[in-house]
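Residue-level structure breakdown
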Amino acid sequence: MNQAVLILIKPDGLKKSLTGNILTRLSETKLEIIAAKMVRVSQELACEHYKHLKGKPFFNDLIKYLQGELHDRKKVMALVYWGPEAIKKCRELAGATNPEEAESTSIRGSYGRITTSGVYENVIHVSSDVTEAEREIKLWFNPEEIIVDLYSIKSVEEKKKLAVWA
Ligand code: IDP
Ligand code: MG
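Residues numbered from 1 in each chain as written. Chains lettered and ligands numbered in written order. Predicted model: local features only at pLDDT ≥ 70, side-chain atom pairs only at ≥ 80, totals over all residues. Heavy atoms only, no water.

1. Regarding the overall build of the chain
Along its length, the chain carries seven helices and six strands. Relative to the globule expectation of 15 Å for 166 residues, the C-alpha radius of gyration of the chain, 16 Å, shows essentially globular dimensions. If you line up the chain on its principal axes, its C-alpha atoms span 50 × 35 × 35 Å. Taking all 166 residues of the chain together, 42% fall into the buried category. Considering only contacts in the chain between residues 6 or more positions apart, those separated by 24 or more positions represent 72%. Here the chain holds 25 positive side-chain charges and 23 negative ones, and the gap between their average locations is 4 Å. (Helix = DSSP H or I, 4+ residues; strand = E, 2+ residues; numbered from the N terminus. Rg over C-alpha atoms; globule rule 2.2 N^0.38 Å. Buried < 20%, exposed > 50% of the residue type's maximum accessible area, 1.4 Å probe, protein only. Contact = heavy atoms within 4.5 Å. Lys, Arg positive; Asp, Glu negative; His and termini not counted. Charge placed at Lys NZ, Arg CZ, Asp CG, Glu CD.)

Put into structure tokens, the structure is as follows:
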């Protein structure tokens with residue numbers, strides 16, 4: 001069964017110029033990229049994304065980390081990969097959450113580090129399971145930004161000003 005998974009290249013990955021390496025590693029999975037964009041991460045988005053970690057001692061630093069405040073790179077690259085066993089394949093390539101425990105050949109084992117503040121800078125985010133993947137993909141992307149119809153949609157009337165090319 002095909003699965004979708006949210007991947008984020010976190011600000012440390014961008015600062016270390018690892019985008020190419022990470023995408024090359026992920027291409028080993030033969031999964032399909034069905035959405036991709038650069039995102040400036042608001043505090044609301046970061047808190048919602050990591051809401052399962054609210055209350056942890058490292059939560060505030062984690063939010064700053066995802067927003068790019070620790071790396072002078074106020075953006076992340078967000079992608080959706082799609083295909084058989086996408087979550088397992090991507091999480092295996094990513095390696096363990098703690099970069100020190102991650103296999104040395106994994107992405108986090110190769111490029112992650114534990115900071116003095118305690119937060120793990122581990123280069124990429126990968127959704128942990130199907131439920132989380134759906135929640136996260138809906139949080140980071142609008143339906144029209146994804147080239148596969150993953151989840152059911154509805155039409156709503158919305159009147160708002162759009163920026164268009166001048
Ligand atoms: P995951 O990213 O492997 O799914 P989560 O438990 O969802 O791991 O944690 C989200 C992020 O929070 C991690 O990627 C890491 O950056 C940070 N983190 C998680 N647990 C710890 C910890 O015990 N100490 C420091 N940072 C942590
Ligand atoms: Mg997680």
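2. Quick look at the site of ligand 1
Around ligand 1 sit 14 residues in total, of which His52, Thr97, Arg108, Tyr120 and Asn122 are the nearest. In this structure, an oxygen atom belonging to ligand 1 sits 2.5 Å away from a side-chain N or O atom of Thr97. Notes on ligand 1: free accessible area 520 Å², of which the protein chains cover 82%. Tallied by class, the residues present in the shell around ligand 1 amount to seven nonpolar, four polar and three charged. (Near = heavy atom within 4 Å. Polar contact = N/O pair within 3.5 Å; in protein donor to acceptor, adjacent residues only side chain to side chain. Areas by Shrake-Rupley, 256 points an atom, 1.4 Å probe, with all protein chains shown as cover. Nonpolar A, V, L, I, M, F, W, Y, C, P; charged D, E, K, R; others polar.)

3. Looking at the sheet that holds strand β3 (residues 76–84)
The four strands are arranged β2-β3-β1-β6 in an open sheet whose pairing can be described as antiparallel. Here the strands that pair on one side only, and so sit at the sheet edges, are β2 (32–39) and β6 (124–126). Shown here is a sheet whose adjacent strand axes are inclined to one another by a mean of 20 degrees, direction ignored. In terms of strand pairing, strand β1 (residues 2–9) meets β3 through eight bridges, oriented antiparallel. Each bridged residue has a counterpart across the sheet, and for Ile7 the counterpart in β3 is Leu79. (Pairing = 2+ DSSP bridges. Axes fitted to C-alpha atoms, helices over the stretch in contact; angles between N-to-C directions.)

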